[in-house]
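# Geometric and topological summary
The residues making up each chain are set out below.
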Amino acid sequence: MQREVGSLPLAPALRARLVAAGFQTAQELLETGPCGLSKEIGISKEEALEALQVVRQECHGDAARTAGPSGATRKCTALELLEEEQAQGFIITFCSALDNMLGGGVQLTKITEICGAPGVGKTQLCMQLAVDVQIPECFGGVAGEAVFIDTEGSFMVDRVVDIATACVQHCQLIAEAHQEEDHLKALETFSLESILSHIYYFRCRDYIELLAQVYLLPDFLSEHSKVRLVVVDGIAFPFRHDFEDLSLRTRLLNGLAQQLIIIANDHKSAVVLTNQMTTRIGQSQSTLVPALGESWGHAATVRLIFHWDNSQRLATLYKSPSQKESTIPYHITSHGFRDVQPPAVTQNAEDTEMNPRKRPRREEEK
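Residues numbered from 1 in each chain as written. Predicted model: local features only at pLDDT ≥ 70, side-chain atom pairs only at ≥ 80, totals over all residues. Heavy atoms only, no water.

## Some thoughts on the pairing of strand S3 (residues 111-116)
Of all six residues that make up S3, six are buried, and the element is covered over most of its length. On S3, burial covers both faces: Ile111, Glu113 and Cys115 on one face and Thr112, Ile114 and Gly116 on the other are all buried. Of the strand pairs in this sheet, S3 and strand S7 (residues 270-275) are connected by five bridges, and their pairing is parallel. Bridge pairing in S7 links threonine 112 to valine 272. Summarising the sheet, S3 and strand S10 (residues 302-309) pair through five bridges and their orientation is parallel. From the neighbouring strand, isoleucine 114 faces S10, where its bridge partner is leucine 304. (Buried < 20%, exposed > 50% of the residue type's maximum accessible area, 1.4 Å probe, protein only. Helix = DSSP H or I, 4+ residues; strand = E, 2+ residues; numbered from the N terminus. Pairing = 2+ DSSP bridges.)

## Considering empty space enclosed by the protein
A full pass over the atoms with the stated rule returns one cavity of 30 Å³ or more. One number sums up the size of the largest cavity: a volume of about 30 Å³. As for the largest cavity, its lining consists of Leu14, Leu18, Leu29, Leu37, Ile41, Ile43, Ala51, Leu52 and Val55. Among the elements of the structure, helix H1 (12-20), helix H2 (26-41) and helix H3 (45-66) are those that each provide at least two residues to the lining of the largest cavity. Here the lining of the largest cavity is composed, by residue class, of nine nonpolar, no polar and no charged. (1 Å grid on protein atoms, 1.4 Å probe; cavity = no way out; pocket = protein on both sides within 12 Å on 5 of 7 lines; lining within 4 Å. Points joined across faces, edges and corners; volume = space filled by probe spheres on them. Nonpolar A, V, L, I, M, F, W, Y, C, P; charged D, E, K, R; others polar.)

## With respect to the side chain of threonine 112
Residue placement: threonine 112 occurs in strand S3. Contact partners of threonine 112, with chain neighbours within four places excluded, come to Val106, Val271, Val272, Leu273, Val302 and Leu304. (Contact = heavy atoms within 4.5 Å.)

## Regarding the side chain of glutamine 134
Relative to the helices and strands, glutamine 134 is located in the loop between helix H6 (122-132) and strand S4 (145-150). Given the relative accessible area of 7%, glutamine 134 is considered buried. A polar side-chain atom of glutamine 134 sits 3.1 Å from the main-chain carbonyl oxygen of alanine 130. When sequence neighbours within four positions are dropped, the list of residues in contact with glutamine 134 reads Ala143, Gly144, Glu145, Phe190, Ser194, Ile195, His198 and Ile199. (Polar contact = N/O pair within 3.5 Å; in protein donor to acceptor, adjacent residues only side chain to side chain.)

Set out below in structure tokens:
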């Protein structure tokens, strides 16, 4: 972080401006932030943000080289990777069909993207996960905390209260049924207040705030080491307006994807993104596809697409390295994200009133 500004791989004119403005080290640039840097040297916020991305990447590279051989590229065997994968936990969704389709739930250290039309339940699942990540280990959870980055203003704390209350009640029922000491002890600290106090909420109103927040997130996660879920609810929304330079948008999105991958791996967290749908016009017909283009489709490890079939919500696993493509129905209730319950089998009223000892008359006997 003490690297001099003159040695950074920036355009010569930009380096000259930085030096003229009094900046001496990379640390000073990072502390200034994109908005401050833009005002200090008279460049656009987009140019300032792109410059800071380069500076941060250079500083990370310097730190790895300073660490010596131990900081070099990590080498491991496929067996070690398998053992690590099996040791990683899952965040359950309270929808067993969705959990089974994902192989156990939303996996830590992976990026999961949820795509769908408005009102189909993307934010509902994100709020459900922000609660479920805090379930104690003795109940099958990961006992973590959540970061919720909201770009669309869709986060509803009243809805989180409903979901959290239902989750606590569910765990209480399990504890009453089993009467195990660790269950009862865990419930002493697992409460509505505890759940709400461990969801860290950030509101980002444009793509500059979003990128700045994501790039500052590693420092926040270092101070909050129990965070196991990072949600970005609305990855596409800030990038679909006011962008004339599409090549700049692509570069910023690629940098954002790399940063999210680093966060997921370094902090053993699940990263969950929601994405909008857009219309792709073909020669004979048009189809709905996830926004931000084909290149963005490589960013996520797992991609879910939520859609409607008449009045039924469906989730399709569109991309996964380990699970087959499939579709399941789901339901959103007052308690949160749930399985679709099969219709209750009702007996015919005549059958109910029928004397069980009397043989029913067949049609030919009438």
